[in-house]
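Chain by chain, the residues run as shown.
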Amino acid sequence: MRFSVVETGYDQRQVDSCLDELGIRLVRLAARAESAAGAGREWDQIREDATHLCDFLRRRTAVVEAGAGVGTAAEREAAALLAQARSELEAAREEARQVREQAYAEAVRARRDFEAALLARRRREARVDEVLSGVRGDVVSPDTPTAAAGLPNGGAAERSAA
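All of these numbers come straight from a predicted model, not from anything done at the bench.

Novice: Could you clarify how one ought to interpret the overall build of the protein in this entry?
Specialist: Within the protein, the secondary structure is distributed over four helices and two strands. In the protein, which comprises 162 residues, the share counted as buried stands at 22%. In the protein, the share of contacts with a sequence separation of at least 24, taken over all contacts with a separation of at least 6, comes to 61%. Total accessible area on the protein stands at roughly 12000 Å², and carbon and sulfur atoms take up 54% of it.

Now the structure itself:
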């Protein structure tokens, strides 16, 4: 953004408008970083916004440095505001990095938990298959004596009561 030069420096309305826009973008960037936690498209948008803000600040720095010899109060104030904006941008980047690292760590933990549960389930399934295959293989012949065979009526009364 370029500012019109007036008698006492830059046009204050233009500078204020520029700083307001920058503040809004930084707030949006911080909000997106907090809510992104793993959303790929959100991270792409955050990177785009951060790149746009960096380019914007580089252009602003070039304008301020080009007029550094003049050293008006407005330029000094603009430079201070620019330094503050850079600081806030760096803080937002750091916060986004921390959110990204935390989301990644949580995803890794969740994946490990899932894989452990899946392995335990597969082991239980294999054990059940092993037990069931053993049951099917042990066929008892009809003339094998059982405990019920010693009862009167071959235990039929007890079976019907059950």
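Novice: Mind showing me how you'd approach the pattern of salt bridges here?
Specialist: Any two side chains of opposite charge can pair, given that their charged atoms come close. Taken as a whole and assessed by the stated rule, the structure comprises six salt bridges. Two residues, Arg 93 and Glu 90, come together in a salt bridge whose shortest N-O distance is 3.9 Å. Linking Arg 93 with Glu 90, this pair stays in helix α3 (residues 73-137), spanning three residues, or about one helical turn. Its relative accessible area of 35% is what places Arg 93 among the partly exposed residues.

Novice: Whenever I open this one, the environment of Glu 21 confuses me. Can you help?
Specialist: On the secondary structure map, Glu 21 appears in helix α1 (residues 12-36). Assessed through its relative accessible area of 28%, Glu 21 is described here as partly exposed. Among the polar contacts listed, one links the side chain of Glu 21 to the side chain of Arg 25, at a separation of 2.5 Å.

Novice: Whenever I open this one, the nonpolar core confuses me. Can you help?
Specialist: What tends to happen in soluble globular proteins is that the nonpolar side chains get buried as a cluster. Counting 12 residues, the largest nonpolar core consists of Cys 18, Leu 22, Leu 26, Leu 29, Ala 33, Ile 46, Leu 53, Phe 56, Ala 85, Leu 89, Ala 92 and Ala 96. Per-element accounting of this core gives the leading share, five residues, to α1. Leaving out residues up to four positions away in the same chain, Leu 26 has contacts with Leu 53, Ala 85, Glu 88 and Leu 89.

Novice: Explain the confidence of the model for the protein here, please?
Specialist: The predicted coordinates should not be examined in detail at positions where pLDDT is low. Of all residues in the protein, 65% attain a pLDDT of 70 or more, and the chain-wide mean is 75. Taking the mean pLDDT of every element in the protein, the minimum, 55, falls on helix α4 (residues 156-161) and the maximum, 88, on α3.

So, how was this worked out
All residue numbers here refer to positions counted from 1 along the written sequence of the relevant chain. Local features are withheld for residues below a pLDDT of 70 in this predicted model, meaning they are given only at 70 or higher, and side-chain atom pairs are given and counted only at 80 or more; totals for whole chains, interfaces and linings count all residues. To obtain the side-chain values, all non-hydrogen atoms of the structure were included, while hydrogens and water were left out. Runs of H or I in DSSP of at least four residues are treated as helices and runs of E of at least two as strands, each being numbered from the N terminus. Only protein chains enter the calculation, and the probe is 1.4 Å; a residue is then buried if its accessible area is under 20% of its type maximum, exposed if over 50%, and partly exposed in between. Here a residue-residue contact requires only that any non-hydrogen atoms of the pair lie within 4.5 Å. Areas reported here follow the Shrake-Rupley algorithm with a probe of radius 1.4 Å; residue values treat only the protein chains shown as occluding. Think of a salt bridge as a Lys or Arg side-chain nitrogen and an Asp or Glu carboxyl oxygen that are within 4 Å of each other. Contacts described as polar in this section are N or O atom pairs within 3.5 Å, which, within protein, must combine one atom able to donate a hydrogen with one able to accept it, while residues neighboring in sequence count only if both atoms come from side chains. We call a set of buried Ala, Val, Leu, Ile, Met, Phe, Trp, Tyr and Cys residues a nonpolar core when their side-chain atoms join them within 4.5 Å. Per-residue confidence from the predictor is reported as pLDDT, which spans 0 to 100.

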